[in-house]
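Okay, here's what each chain looks like letter by letter:
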Amino acid sequence: MSSNNGNDIFLFGKNFKFIRKQLGWSRITMQRRIGASNECMKGWENKNRTPTLNRLVSLSKYFGLSFEDFLLKDIEKEGISIKSAAEILENKFTNY
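Residues numbered from 1 in each chain as written. Predicted model: local features only at pLDDT ≥ 70, side-chain atom pairs only at ≥ 80, totals over all residues. Heavy atoms only, no water.

1. Here we look at the packing of aromatic side chains
Link 1 in the chain: Applying the stated criterion across every chain, the model contains 8 aromatic pairs.
Link 2 in the chain: Joined through ring pairs, the aromatic side chains of F10, F12, F16, W44, Y62, F63, F70 and F93 make up one cluster. (Phe/Tyr/Trp six-rings, centres within 6.5 Å; stacked < 30°, edge-to-face > 60°.)

Quick look at the structure:
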């Protein structure tokens, strides 16, 4: 397991932003897919807000990541794969 240099409790915000950009989605597109407000997502990406545990679990499943990878690993630097946009679009987001 990689370390996150101690500056963040976890890497969710950075990973969320990377995934959104990797998919080529604007915040508006992401908002439509997962039902989170633009303000919430901006807060997540800027590390000013933290999603609920249920939403974290749901997002992990939706993007095909383990909960641990989403929170604790830099998925961009470590080359961790997410589902393709086509695979993601096949599924409806469910917030557990």
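2. As for the side chain of E45
Link 1 in the chain: Inspection of the secondary structure assignment puts E45 in helix α3 (residues 38–45).
Link 2 in the chain: Residue E45 is classed as buried on the basis of its relative accessible area, which comes to 6%.
Link 3 in the chain: At a separation of 2.6 Å, a polar atom in the side chain of E45 contacts the side chain of R20.
Link 4 in the chain: Contact partners of E45, with chain neighbours within four places excluded, come to G13, F16, K17, R20 and R27. (Helix = DSSP H or I, 4+ residues; strand = E, 2+ residues; numbered from the N terminus. Buried < 20%, exposed > 50% of the residue type's maximum accessible area, 1.4 Å probe, protein only. Polar contact = N/O pair within 3.5 Å; in protein donor to acceptor, adjacent residues only side chain to side chain. Contact = heavy atoms within 4.5 Å.)

3. Here we look at the confidence of the model for the protein
Link 1 in the chain: For the protein, per-residue confidence averages 87 on the pLDDT scale, and residues scoring 70 or more make up 90% of the total.
Link 2 in the chain: Scored below 50 in pLDDT, residues 1–7 shows 10 contacts in the model against residues more than four places distant or in partner chains. (pLDDT = per-residue confidence, 0-100.)

4. Things to note about α3
Link 1 in the chain: Buried within α3 are the following residues: M41, G43, W44 and E45.
Link 2 in the chain: Directly beyond the C-terminal end of α3, a positive phi value near 65° is found at K47.

5. Digging into the nonpolar core
Link 1 in the chain: If you look at the biggest cluster of nonpolar residues, it comprises 22 residues, and the most contacted ones within it are F12, F16, I34, W44, L59, F63 and F70.
Link 2 in the chain: The biggest single contributor to this core is helix α1 (residues 12–23), with 5 residues.
Link 3 in the chain: In contact with L59, not counting residues within four places along its chain, are F12, F16, I34, W44, F70 and F93. (Core = buried A, V, L, I, M, F, W, Y, C linked by side-chain atoms within 4.5 Å.)

6. Some details on the packing of helix α2 (residues 27–34) against helix α4 (residues 53–63)
Link 1 in the chain: Contact geometry for α2 and α4: axes closest at 12 Å, N-to-C directions at 105°. It follows that α2 is roughly perpendicular to α4 by the angle criterion. When α2 is examined against α4, the residues M30, R33 and I34 are found in contact with a partner set consisting of R55, L59, Y62 and F63. (Axes fitted to C-alpha atoms, helices over the stretch in contact; angles between N-to-C directions. Parallel < 35°, antiparallel > 145°, perpendicular 65-115°, else oblique.)

7. Structural notes on the packing of α1 against α3
Relative orientation and spacing of two packed helices are given, respectively, by the angle between their axes and the distance between those axes.
Link 1 in the chain: Following both chains from N to C, one finds α1 and α3 inclined at 120°, their axes separated by 7 Å at the closest point. As judged from the angle between their axes, α1 and α3 are oblique. Two secondary-structure elements touch here, α1 through F12, G13, F16, K17 and R20 and α3 through M41, W44 and E45.
Link 2 in the chain: Its residues assigned to classes, the contact of α1 with α3 shows 4 nonpolar, 1 polar and 3 charged. (Nonpolar A, V, L, I, M, F, W, Y, C, P; charged D, E, K, R; others polar.)

8. Let's talk about unusual backbone geometry
Link 1 in the chain: The residue K47 is not glycine, and still its phi comes out positive at about 65°.
Link 2 in the chain: Residue K47 is classed as partly exposed on the basis of its relative accessible area of 46%.

9. Some words on α1
Link 1 in the chain: Counted at 1.5 Å a residue, the expected span for α1 with its 12 residues is 16 Å, and the 16 Å between its end C-alpha atoms agrees.
Link 2 in the chain: Where α1 is concerned, the buried positions are F12, G13, N15, F16, F18, I19, R20 and L23.
Link 3 in the chain: Where the residues of α1 are buried, they touch α2, α3, α4, α5 (67–72), α6 (75–78) and α7 (85–90). (Expected span 1.5 Å × (residues − 1).)

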